[in-house]
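# Tertiary structure, described
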Amino acid sequence: AQGYKMMNFRKKLNGFTLVELMITIVIIALLAVIAYPTYPAQVRKTARKEAIGVVLDVAGRLERIRSQLMAYPTVAADLTNLGQTTKRYGVTVASTGATFTITAAPSGDQTGDLCGTFTYTNVGLWTFGNSQTEANCL
């Protein structure tokens, strides 16, 4: 009799019932329905943060050159193909020697980003598209 009870106990521990499986599928589906709509926005935000990092890196390099030469290098460069940009932004630099402006323009899916095209100047001024503020975009 003891062996029979042990077999029934083991039999109950094997696998899931159909109801348990359906409940699990419903929970996963609900999580997907809730999470997916925010995913593209988070991807755009991450790409924007990466582009901001590139812009600040380029600005730092320009400042180092200025500290040595007492002027910014006179450039009008597109950094898209120089490894100084992200896949979702095109970064350009314009400098007159006394000032510089770095512009990051979104491309592809990134064009739907909240902050659009943004610029950074030698005085540390950020300007964002779509009338956004630094608080929303940085």
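For the structure given in this document, a descriptive report is provided here.

Definitions and cut-offs
- Residues numbered from 1 in each chain as written.
- Predicted model: local features only at pLDDT ≥ 70, side-chain atom pairs only at ≥ 80, totals over all residues.
- Heavy atoms only, no water.
- Core = buried A, V, L, I, M, F, W, Y, C linked by side-chain atoms within 4.5 Å.
- Buried < 20%, exposed > 50% of the residue type's maximum accessible area, 1.4 Å probe, protein only.
- Helix = DSSP H or I, 4+ residues; strand = E, 2+ residues; numbered from the N terminus.
- Contact = heavy atoms within 4.5 Å.
- Salt bridge = Lys/Arg side-chain N within 4 Å of Asp/Glu carboxyl O.

### Here we look at the nonpolar core
Membership of the largest hydrophobic core comes to 20 residues, with the highest contact counts inside it found for V55, L62, F100, I102, F118 and W126. Those elements giving two or more residues to this core turn out to be α3 (39-69), β2 (89-95), β3 (100-106), β4 (118-121) and β5 (126-128). Ranked by residues supplied to this core, first place goes to α3 with seven residues. Those residues in contact with F100 that lie beyond four places of it in its chain are A59, L62, E63, Y72, A94, S95, Y120, T121 and N122.

### Regarding the environment of A51
Inspection of the secondary structure assignment puts A51 in helix α3. Taking relative accessible area as the criterion, A51 reaches 0% and is therefore assigned buried. Expressed as a C-alpha distance, the spacing of A51 and V91, which sit 40 residues apart in the sequence, is 8.0 Å.

### Some details on the pattern of salt bridges
Tallying each qualifying case throughout the model produces two salt bridges. One salt bridge in this structure joins R48 and D113, with 2.8 Å as the shortest N-O distance. Taken together, the positions of R48 in helix α3 and D113 in the loop between β3 and β4 put the pair 65 residues apart, joining distant regions of the chain. A residue is classified by how much of its surface remains accessible, and R48, at 4% relative accessible area, is buried. A residue is classified by how much of its surface remains accessible, and D113, at 5% relative accessible area, is buried. Where D57 meets R61, a salt bridge forms, and the shortest distance between an N and an O atom there is 3.0 Å.

Purely geometric stuff here, so don't read any function into it on its own.
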